[in-house]
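Below, each chain spelled out in residue letters.
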Amino acid sequence: MSDRHISQHFETLAIHAGNTADPLTGAVVPPIYQVSTYKQDGVGGLRGGYEYSRSANPTRTALEENLAALEGGRRGLAFASGLAAEDCLLRTLLSPGDHVVIPDDAYGGTFRLFAKVVARWGVEWSVADTSDPAAVRAALTPRTRIVWVETPSNPLLGITDIAAVAQIARDAGARLVVDNTFATPYLQQPLSLGADVVVHSLTKYMGGHSDVVGGALITADAELGEELAFHQNAMGAVAGPFDSWLVLRGTKTLSVRMDRHSENAARVAEMLTRHPRVTSVLYPGLPDHPGHEVAAKQMRSFGGMVSFRVEGGEEAAVEVCNRARVFTLGESLGGVESLIEHPGRMTHASAAGSALEVPADLVRLSVGIENVDDLLEDLQQALGK
């Protein structure tokens, strides 16, 4: 595979970076190298550096080159899931006694990893409102090694000023990690704003079709990328070749999909602000969102995720989810189809009783690319008009 980039325009990179024609047949789509081992030309005589597919696989290499190009990074690594990527990153960068600042609004799986797994290694963590740079600074300790950010955050759609927090982390000798799953590199590129590592659940918008599970790390520093690659190989939770191929197919259409996701989400958010049963709409594209100005500065558009709160409490929120018909009731997000869920009982149940517990009356939408009028009508009937 080649990292030759014929353009710096995102849409062109998405289609061509890592996607060189097959040298044997000229096939314009990289093959699925469904193979575990590779013939050597004599002992140690590797062809293209490939010896065993846990260490490297040509289809995964194509995806990793593509991801690095789209995020503007020096190295991309693809994993079996987003949490596998996070696990590799934390075990690479942290030692017992180290400290991490995590956001007060984050994916439930990430919180579970810190609270139930990483803490057992003797790693300490504390929570901060990362939308407030002063709160991040106050949460730092002499042992802080990582500041972890989601922006937009999951599920409350909070916005963090990446450049401001990157400077705070740098001054403290810590690394800034940004989970860019909600925004994708099409809408936001954290490395260009000072982040050290970008995390993705490739399952979501990058794959885009709800048919693959994967994760990724992209680094600004080549040396850190090599260190992570060593741990990726040593720990083994790599993306398989077919999964890599599916995500590589997905990134080609990322820009056009994210444009439609964002357009539809803006229409949905605007409708919800006028609905009498909705008490609050959380969408950074709304002018009254507290992070709107920062989001407008660091994002191309505002994305496809919308959360809202309803009158009547938890049972009313659950009923809205159950009444939806075009919106599918299900976990995950970022596919072409619209999804609806109740975070408190579903994706964020693991955060119950913690500082990251979500409001019981919250509903989260992953707004798909269907006709927006159908989506609006469905939500209106689910809310009881």
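Use the structure listed above.
Attention in this report is confined to the structure presented alongside it. Not measured: the values here are computed from a predicted model. (Residues numbered from 1 in each chain as written. Predicted model: local features only at pLDDT ≥ 70, side-chain atom pairs only at ≥ 80, totals over all residues. Heavy atoms only, no water.)

We now examine unusual backbone geometry. At the junction of Thr151 and Pro152, the peptide bond is cis and its omega measures out at -5° in the coordinates. By the secondary structure assignment, Pro152 is in the loop between strand S4 (144–150) and helix H6 (162–171). Of the consecutive residues Asn154 and Pro155, the connecting peptide bond is found in the cis state with omega at 15°. With respect to the helices and strands, the residue Pro155 is situated in the loop between S4 and H6. In this structure, Leu157 is a non-glycine residue whose phi angle is positive, near 55°. One can find Leu157 in the loop between S4 and H6. (Helix = DSSP H or I, 4+ residues; strand = E, 2+ residues; numbered from the N terminus.)

Any two packed helices are characterised by the angle at which their axes cross and by the distance between the axes. Taken N-terminus to C-terminus, the directions of helix H3 (residues 82–93) and helix H4 (residues 108–117) make an angle of 35°; their axes are 11 Å apart at the nearest point. Here H3 and H4 pass one another in a crossing that is right-handed. Here Leu83, Glu86, Asp87 and Leu90 of H3 come into contact with H4, specifically with Gly109, Thr110, Arg112, Leu113 and Phe114. Split by residue class, the contact of H3 with H4 holds four nonpolar, two polar and three charged. (Axes fitted to C-alpha atoms, helices over the stretch in contact; angles between N-to-C directions. Left-handed = near helix turned anticlockwise from the far one by under 90°. Contact = heavy atoms within 4.5 Å. Nonpolar A, V, L, I, M, F, W, Y, C, P; charged D, E, K, R; others polar.)

Pairing within the open sheet is mixed, and its seven strands lie in the order S1-S7-S6-S5-S4-S2-S3. The open sheet has two free edges, formed respectively by strand S1 (75–79) and strand S3 (124–128), since each of these has just one partner strand. Pairwise comparison of adjacent strand axes, ignoring direction, gives a mean angle of 20° for this sheet. Where strand S6 (residues 197–201) and strand S7 (residues 215–219) come together, five bridges link them in antiparallel fashion. Among the inter-strand pairings, Val197 is bridged to a residue of S7, identified as Thr219. With respect to the sheet, helix H8 (residues 222–235) is in contact with S1, strand S5 (175–179), S6 and S7, its orientation differing from that of S1 by roughly 20°. (Pairing = 2+ DSSP bridges.)

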